[in-house]
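# Structural overview for review
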Amino acid sequence: MTRIRRGYIARRRRTKIRLFASTFRGAHSRLTRTTFQQKMRALVSAHRDRGRQKRNFRRLWITRINAGIRENDLYNSYNRSIHDMYKRKRLINRKMLAQIAVLSMNSFYEIYSRNIDDYRVAPKYPVAPYRSIYDVTLEEYSLHDYDIPFFYHKGRNTDKGGNTP
């Protein structure tokens, strides 16, 4: 009986998998079975982490916006500021707001101060002009007696049933 030569389809499939896993270490790039398993695992991880990446970036942008808002004393919270921007129909997406907060704090302040001044509505939140951390004087950071919690005062008994102020 004459010898039958195998076709190329299986070899082409294995070569394709091997090329995908060529940068993996050890047997994961050499042995066909482990290579296939690692390819499946890599694709599952990539699919899962695409969603995670979107989530993580959104969290980062929200954190940056919140930090910019609180640093300027524009609003008390990120939640309230976004709500007011929706109400005024002038929402910039979070990615752009975060970039503006990082790169140009004056522009960020201008966006939110216009948001507050719009429609001549009295703001419910304290609005202060933008100040850099270098503009704050030493007297503003000095501790007064009322800044220190009562349990740090010398000679005061803070146990239960003791003399608390």
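None of the values given here were measured: they were computed from a predicted structure.

Quick notes on the rules
- Residues numbered from 1 in each chain as written.
- Predicted model: local features only at pLDDT ≥ 70, side-chain atom pairs only at ≥ 80, totals over all residues.
- Heavy atoms only, no water.
- pLDDT = per-residue confidence, 0-100.
- Contact = heavy atoms within 4.5 Å.
- Buried < 20%, exposed > 50% of the residue type's maximum accessible area, 1.4 Å probe, protein only.
- Helix = DSSP H or I, 4+ residues; strand = E, 2+ residues; numbered from the N terminus.
- Arc of directions from axis to C-beta.
- Phe/Tyr/Trp six-rings, centres within 6.5 Å; stacked < 30°, edge-to-face > 60°.
- Lys NZ or Arg CZ within 6 Å of the ring centre and 35° of its normal.
- Core = buried A, V, L, I, M, F, W, Y, C linked by side-chain atoms within 4.5 Å.
- Polar contact = N/O pair within 3.5 Å; in protein donor to acceptor, adjacent residues only side chain to side chain.
- Salt bridge = Lys/Arg side-chain N within 4 Å of Asp/Glu carboxyl O.

Keep in mind that low pLDDT regions are not for reading the predicted coordinates in detail. Taken residue by residue, the chain gives an average pLDDT of 77. The fraction at 70 or more is 69%. Every residue in residues 119–123 is under pLDDT 50, and counting partners more than four places away or in other chains gives four contacts. Across residues 140–153, confidence stays below pLDDT 50; counting only partners more than four residues off in sequence or on other chains, it has 10 contacts.

Before going further, it helps to spend a moment on helix H4 (residues 94–103). Turning to H4, its buried residues are Arg94, Leu97, Ala98 and Ala101. Buried residues of H4, seen end-on, are gathered within an arc of 100 degrees and therefore sit on one face of the element.

As enumerated under the stated definition, the model contains two aromatic pairs in all. Judged by centre distance (6.3 Å) and plane angle (90 degrees), the rings of Phe20 and Phe24 are edge-to-face. When the centroid spacing of 6.0 Å and the interplanar angle of 35 degrees are considered together, the rings of Phe57 and Trp61 count as tilted. In this pair, Phe57 and Trp61 are both assigned in helix H2 (residues 32–71), four residues apart and thus about one turn of the helix distant. Judged by relative accessible area, which is 40%, Phe57 ranks as partly exposed. Classification of Trp61 as partly exposed rests on a relative accessible area of 21%. Over the aromatic face of Phe20 sits the side chain of Lys39, whose NZ or CZ is 5.6 Å from the ring centroid.

Next up on the list: the nonpolar core. Counting residues in hydrophobic clusters, the biggest one holds 14 residues, and the most contacted among them are Ile65, Ile69, Leu74, Leu97, Phe108 and Tyr112. The element contributing the most residues to this core is helix H5 (residues 105–117), with four residues.

Quick look at the side chain of Ser81 now. Mapped onto the elements, Ser81 comes out in helix H3 (residues 78–87). When its relative accessible area of 0% is taken as the criterion, Ser81 is described as buried. Within the structure, the side chain of Ser81 is placed 2.6 Å from the backbone oxygen of Tyr78, a separation counted as a polar contact.

Right, let's talk about H3 for a bit. Residues of H3 that are buried: Tyr78, Ser81, Ile82, Asp84 and Met85. Down the axis of H3, the sector holding all buried residues measures 160 degrees, keeping them to one side. At the C-terminal side of H3, Lys89 shows a positive phi close to 60 degrees.

This part takes up the pattern of salt bridges. Taken as a whole, this structure holds three salt bridges when the rule is applied. In this structure, Arg48 and Asp49 form a salt bridge, with 3.2 Å as the shortest nitrogen-oxygen distance. On the basis of relative accessible area, Asp49 is assigned to the partly exposed category, the value being 31%. The residue Lys87 makes a salt bridge to Asp84 at a minimum N-O spacing of 3.6 Å. Taken as a pair, Lys87 and Asp84 lie in helix H3 at a separation of three residues, close to a single helical turn.

Relative to the assigned elements, Ala27 resides in the loop between helix H1 (9–20) and H2. Here Ala27 falls in the partly exposed class, since its relative accessible area comes to 34%. Spatially, the C-alpha atoms of Ala27 and Gln38 are 10.0 Å apart, while their sequence positions differ by 11 residues. If near-sequence neighbours (up to four positions away) are discounted, Ala27 is found in contact with Thr34 and Thr35.

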